[in-house]
Structure formats: structure tokens, C-alpha cells
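Take a look at the letters that make up each chain.
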Amino acid sequence: MDDDDVQANAASGVAVNEECKARFQELRTARAHRFVVFKVDDSLQEVVVDKVGPRDAGFDDLAASLPADGCRYAVYDHDFTVGDATAAGTGEAPRSKIFFISWSPATADVKSKMVYASSNEGFKKELDGVQIDLQATEPSELTLDVLKEHTA
């Protein structure tokens, strides 16, 4: 592990691998991905990329990428439309919001939940451009309807 590739998260001591920031920037600026799922590695020392969802992936693909018994962080680029009198013809204008999701299911082990909770804010600060923060502990708290409520 090279010092240039990892930046320590002061709150928890968990470092952030540079690939996490690179994949997020690809999602944010190039719109190359629909979502990126991150995990704390098995040694509990570093946040790393777990999965990357292609641009044509949907919200269900993200939900299926989150383990039922393990914590994760994720970013999701949610496309939607809003009524707009200035939009040509349709009356709707396309919009996008980037969600930061903290997934911490009740069935995850306590140590994992503590590490994710203590690393959350520091990791989120590394991802410049996140617009909406969501926390979920069960699938019913993380649905497309929940995202839509935050963009209405």
C-alpha cells in the first residue's frame, strides 16, 4: 500500500483508497457509471471499491449489490425529470442527483457497523459532489420511491 494511493480518515483510522475517488469522479463528471459500491476491506484498514454499476444499470441492480448482512457505502447517480416551462416541447427537463448511501443492515456484525459509522463522514468528504445523503438499515428504507421523495 503506497502513501499516494491511500489517505487516512482521521475519525476512524480507516484510509480511503485512491480508486474510490477515481471511480466517483468518473461517475460524477464523465457519467461513466450508474453506481459505485464501496466496502471497508477485511483488515478494517481501508475503504475500497466493491462493485461498479455500468451506466445502463438500474436502481434494482444497486439494491442487489448490497449484501443482506454486510455494511457498505454507495453512490448512485439518479436521473429524473422535472416540470419546466422552458423545456422544449415536453414541458419536462432532465435532472440528475448523486446520492451517498450508508447501508448498515441490522444483521451486520457490531464491529463492522461501528467502523462504517465512524468512517462515514470522513469518507463522504472525500467524494466531492455528493448531493443527497441516505442511511438505510433494511431494504424498505432504500427504494426508488425513497429516492424520488428526495428529488420531488
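Residues numbered from 1 in each chain as written. Predicted model: local features only at pLDDT ≥ 70, side-chain atom pairs only at ≥ 80, totals over all residues. Heavy atoms only, no water.

Going by the annotation in an unreviewed UniProt entry, the name recorded for the protein chain is ADF-H domain-containing protein, with Eleusine coracana subsp. coracana given as the source organism. The Sequence similarities (unreviewed entry) comment attached to the protein chain in UniProt states, word for word, "Belongs to the actin-binding proteins ADF family." (UniProt positions renumbered as here; feature names shortened; annotations may be inferred.)

Caption draft 1: Quick look at the overall build of the protein chain. Looking only at helices and strands, the protein chain has four helices and seven strands in total. Listed N to C, the secondary structure of the protein chain is β-β-α-β-β-α-β-β-α-β-α in terms of helices and strands. Considering only contacts within the protein chain whose residues lie at least 6 apart along the sequence, 60% involve residues at least 24 apart. (Helix = DSSP H or I, 4+ residues; strand = E, 2+ residues; numbered from the N terminus. Contact = heavy atoms within 4.5 Å.)

Caption draft 2: Molecular detail of the side chain of H33. Mapped onto the elements of the fold, H33 is located in strand β3 (residues 33-40). At 2.6 Å, the side chain of H33 forms a polar contact with the side chain of E26. H33 has contacts with R23, E26, L27, V52, G53, P54, R55 and D77, leaving out every residue within four places of it along the chain. (Polar contact = N/O pair within 3.5 Å; in protein donor to acceptor, adjacent residues only side chain to side chain.)

Caption draft 3: Highlighting helix α4 (residues 144-151). Among all positions in α4, only V146, L147 and T151 are buried. Seen from one end, α4 has its buried residues packed into an arc of 135°, which puts them on one side. Away from the buried face of α4 by more than 90 degrees, exposed residues D145 and E149 are located. Buried residues in α4 make contact with α2 (59-65), β5 (72-83), β6 (92-103) and β7 (132-136). (Buried < 20%, exposed > 50% of the residue type's maximum accessible area, 1.4 Å probe, protein only. Arc of directions from axis to C-beta.)

Caption draft 4: Highlighting the packing of aromatic side chains. Under the counting rule described, the total for this entry stands at six aromatic pairs. For the ring pair F38 and F123, a centre distance of 5.0 Å and an interplane angle of 75° mean the geometry is edge-to-face. With F38 in strand β3 and F123 in helix α3 (residues 110-126), the pair connects residues that are 85 residues apart, well separated along the chain. No difference in accessibility class separates F38 from F123, as the two residues are buried. An aromatic cluster is built from F38, Y73, F100, Y116 and F123, whose rings are joined through pairwise contacts. (Phe/Tyr/Trp six-rings, centres within 6.5 Å; stacked < 30°, edge-to-face > 60°.)

Caption draft 5: Geometry of the nonpolar core. Counting 20 residues, the largest nonpolar core has C20, F38, V47, Y73, V75, F123 and L127 as its most contacted members. Residue assignment for this core shows that the elements contributing at least two residues are α1 (18-29), β3, β4 (46-54), β5, β6 and α3. Discounting residues that sit within four places of it in the chain, C20 has contacts with F38, V47, V48, V49, F123 and L127. Counting residues in each nonpolar core, the second largest holds 17 residues, with F59, L66, L134 and A136 among its members. (Core = buried A, V, L, I, M, F, W, Y, C linked by side-chain atoms within 4.5 Å.)

Caption draft 6: The pairing of β7, seen in detail. The side-chain alternation of β7 yields one buried face, formed by I132, L134 and A136, and one unburied face, formed by D133 and Q135. Sheet topology note: the β6/β7 ladder contains five bridges and is parallel. Bridged to W103 within β7 is A136. (Pairing = 2+ DSSP bridges.)

Caption draft 7: Examining the pattern of salt bridges more closely. In the structure shown here, the tally under the stated rule is 12 salt bridges. Of the charged contacts in the structure, one is a salt bridge between K21 and E126, with a shortest N-O distance of 3.0 Å. A residue pair is termed long-range when its members are at least 10 positions apart, and K21 in helix α1 and E126 in helix α3 qualify at 105 residues. Take K21: its relative accessible area is 15%, and that puts it in the buried class. Judged by relative accessible area, which is 21%, E126 ranks as partly exposed. Sharing partners across several salt bridges, the network here consists of R31, R34, R55, D77 and D79. (Salt bridge = Lys/Arg side-chain N within 4 Å of Asp/Glu carboxyl O.)

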